[in-house]
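Remarks on the overall topology
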Amino acid sequence: VGTPSVRIKNNLAAIRLVKKLDAEKRVPTAEEKDILAKYVGWGGLPDVFEEKHTAYAELKELLTEEEYDSARSSVLTAFYTDPQIIRGMYEVLERMGFNGGKVLEPSCGIGTFIGCMPESMRANSEVHGVELDTITGKIAKYLYPQSDIQICGYEKTDFKDNTFDLAIGNVPFGDFKVTDKRYDKYNFLIHDYFFAKSIDKLRTGGIMAFITSSGTLDKKDDRARKYIAERCDLIGAVRLPNNAFKSSGTKIMTDVIFLQKRDTLRQQDEPWLHLSLIHISE
């Protein structure tokens, strides 16, 4: 992925290309797709939005006011996911017997999870992605035109409940909430909200494979975990090293969690609700 300056350079090149493709109303060539695929978003790159930064003026010129605000607001949540991690997740899913189906990626970025999906699995899948940032979503559409990419907040989507075989992705995490009337009463933080809504979209027996902050399994407030445990069986979880996202300029403890949706609500607590993954890793 490169140094911050390299990432910024690649991002700007991708934005220029998106503007060109939009203006010319055409699809990208194979070479142009390579340029688009190097876009990694603005996670961990807040300095570029300061006037003193050498790339600030070009970025302001390239983006509309709405696009600029959208990009700037993504610095806390839009972190590039290493394809090695994604491929590992798909290997686990293949061992579980998943070889395709209706797939939901509720925070898809430029579509790296789509691009890393094994070809045989992708050939047997109907993929739906959601991306909040306008430029990022456009890139995903240009890279994966065969997939349904919606450019909006997850809370504004209207996917039918109980229809997806797999929900996969790197959910946004942070100490803030999303307004969605259906879930507001639970007072979920954003990553917990993504879990709750995605559970409802899965069919009974459907699989969820999410990268999330370690807080999902470790935080003292266990209300979100209890909500998840009532509706899903824990298949397994892996704690990633704290440098797993170093290429995005951040050190954060993250987990990969695999869940399977239940057909009825569980009435009793599960042991994993009270077991720290730190102990499992050690």
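Everything that follows concerns the structure shown earlier in this document.
Residues numbered from 1 in each chain as written. Predicted model: local features only at pLDDT ≥ 70, side-chain atom pairs only at ≥ 80, totals over all residues. Heavy atoms only, no water.

Notes on the pattern of salt bridges
Quick note on the threshold: Salt bridges, as used here, are contacts in which a Lys or Arg side-chain nitrogen is within 4 Å of a carboxyl oxygen on Asp or Glu. The helix count covers DSSP runs of H or I at least four residues long, the strand count covers runs of E at least two residues long, and both are numbered beginning at the N terminus. Any residue under 20% of the maximum accessible area for its type is buried, any over 50% is exposed, and the rest in between are partly exposed; the area is computed with a 1.4 Å probe on protein chains only.
Across all of its chains, the model carries 20 salt bridges by this definition. Salt-bridge contacts for Arg 182 lead to Asp 200; the nearest nitrogen and oxygen are separated by 3.3 Å. A residue pair is termed long-range when its members are at least 10 positions apart, and Arg 182 in the loop between strand 4 (164-170) and helix 9 (190-201) and Asp 200 in helix 9 qualify at 18 residues. Put simply, Asp 233 and Arg 262 hold a salt bridge, and the shortest N to O gap is 3.2 Å. Separated by 29 residues along the polypeptide, Asp 233 in strand 6 (residues 232-239) and Arg 262 in the loop between strand 7 (254-261) and helix 12 (277-281) bring together distant segments of the chain. With a relative accessible area of 28%, Asp 233 lands in the partly exposed category. A network of salt bridges, in which partner residues are shared, links Asp 161, Arg 182, Asp 200 and Lys 201.

Some thoughts on the sheet that holds strand 5 (residues 202-213)
The strands making up a sheet associate through hydrogen bonds between their backbones, and the pairing can be parallel or antiparallel. This is how it is decided: The pairing criterion is simple: DSSP has to find at least two bridges between the two strands. Inter-axis angles, ranging from 0 to 180 degrees, are taken between N-to-C directions of lines fitted to C-alpha atoms, where helices are fitted over the stretch in contact. The contact criterion used throughout is that any non-hydrogen atoms of two residues lie within 4.5 Å.
An order of 3-2-1-4-5-7-6 is seen for the 7 strands of this open sheet, with the pairing classed as mixed. With partners counted over all chains shown, the strands left at the sheet margins are strand 3 (148-151) and strand 6, one partner each. Across the sheet, the mean angle separating the axes of adjacent strands is 15° when strand polarity is ignored. By the bridge criterion, 7 bridges tie strand 6 to strand 7 in an arrangement that is antiparallel. Following the sheet pairing, Asp 233 is matched in strand 7 by Gln 260. Its contacts with the sheet place helix 8 (residues 134-143) against strand 2 (126-131) and strand 3, and it is angled at close to 170° to strand 3.

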